[in-house]
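# Examination of the molecular architecture
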Amino acid sequence: RADAEELRTLALPLLTDFGVIRAGEEPEEKLALTVEMVENVLSAPLSGEDQIRFQLRDVPKNERLAELEFSYRFRNGFTTDTLRERLAGYAAERFGLTEWPTWYRSISGGCLNGFIDLLFRHHGKYFILDWKSNRIGGRSSNFLPERLREEMAARFYFLQYMIYTVAVVKFLRMRTGKFEEAEYDAQFGGVFYLFLRGISPEHPGRGVFYDKPPYEL
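Residues numbered from 1 in each chain as written. Predicted model: local features only at pLDDT ≥ 70, side-chain atom pairs only at ≥ 80, totals over all residues. Heavy atoms only, no water.

### Considering unusual backbone geometry
We count it as follows: Starting at the N terminus, helices and strands are each numbered in turn, a helix being any DSSP run of H or I of at least four residues and a strand any DSSP run of E of at least two.
Residue glutamate 67 is not a glycine yet carries a positive backbone phi of 55°. Relative to the helices and strands, glutamate 67 resides in strand 3 (residues 64-73). A positive phi angle, close to 55°, is found at phenylalanine 156, a residue other than glycine. Note that phenylalanine 156 resides in the loop between helix 4 (145-154) and helix 5 (157-176).

### Focus on the sheet that holds strand 8 (residues 188-195)
What counts here: In this scheme, strands are said to pair when DSSP sees at least two bridges between them. Only the stretch in contact is used when a helix axis is fitted, and all axes are lines through C-alpha atoms; the angle between N-to-C directions ranges over 0 to 180 degrees.
Read from one edge to the other, the open sheet built from five strands follows the order 3-6-7-8-9, with strand pairing classed as mixed. The open sheet has two edge strands with one neighbour each: strand 3 and strand 9 (208-211). Adjacent strand axes in the sheet meet at a mean angle of 35°, parallel and antiparallel pairs treated alike.

### Some words on the nonpolar core
Rules: For the purposes of this section, nonpolar cores are sets of buried Ala, Val, Leu, Ile, Met, Phe, Trp, Tyr and Cys residues that join through side-chain atoms within 4.5 Å. Whether a residue is buried, partly exposed or exposed follows from its accessible area with a 1.4 Å probe, protein chains only, as a fraction of its type maximum: under 20%, in between, or over 50%, in that order. A contact between two residues is defined here by any heavy atoms of the two lying within 4.5 Å.
Ranked by size, the top nonpolar core spans 36 residues in total, and within it Phe95, Phe158, Tyr161, Tyr193 and Phe195 carry the most contacts. Those elements giving two or more residues to this core turn out to be strand 3, helix 3 (80-95), strand 6 (111-122), strand 7 (125-132), helix 4, helix 5 and strand 8. Take this core: its biggest share by element is ten residues, from helix 5. Excluding anything up to four places from it in sequence, tyrosine 161 contacts Tyr90, Phe95, Met152, Val191, Tyr193, Phe209, Asp211 and Pro213. Core analysis: the second largest hydrophobic core is formed by 15 residues, Ala44, Val59, Phe120 and Leu194 among them.

Next comes the structure, spelled out in structure tokens:
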């Protein structure tokens, strides 16, 4: 649990290193906005399918893995058309997505590599979390749940978290020895996408997207 002063101490060198605060620039405004954003995110009420509410600040350090790298091999080739056919029903039901871009690519094999922003465990369940800094038009109303679904569909973020979910299942299968459908249903809590610019303590749920994709996908 970090207080505001600790967050300022952590944030200042990072904002400087990444060029957000330039040499000779007065840092206070950007530093204060950053600390406020982090505090809002840490205090945002989250809940999975069991509706048990919690906050990120409730999750201890030993129950989380940041920037979890994954790399898994495609055993068989496939095409992007096949992928679209597999996900079309889910995307239509969950996001109302009926039109897909015209894209066709044949993938013969190889490996898929990436990083998951955060994997954490809480109340005995594993959750994936991804941070997003999208402006979504710069309007706070665009971060309401129904508009977030539109953003998730438009940018195909659901495909991203499907990939992450497969990676986590494989990771937990290696770590625990078994993580099949029964374990997935009981121990996998789901996926959170936190849109940082929209989260506010005065508006619980704004800027927060949650889903738990079906195991069969």
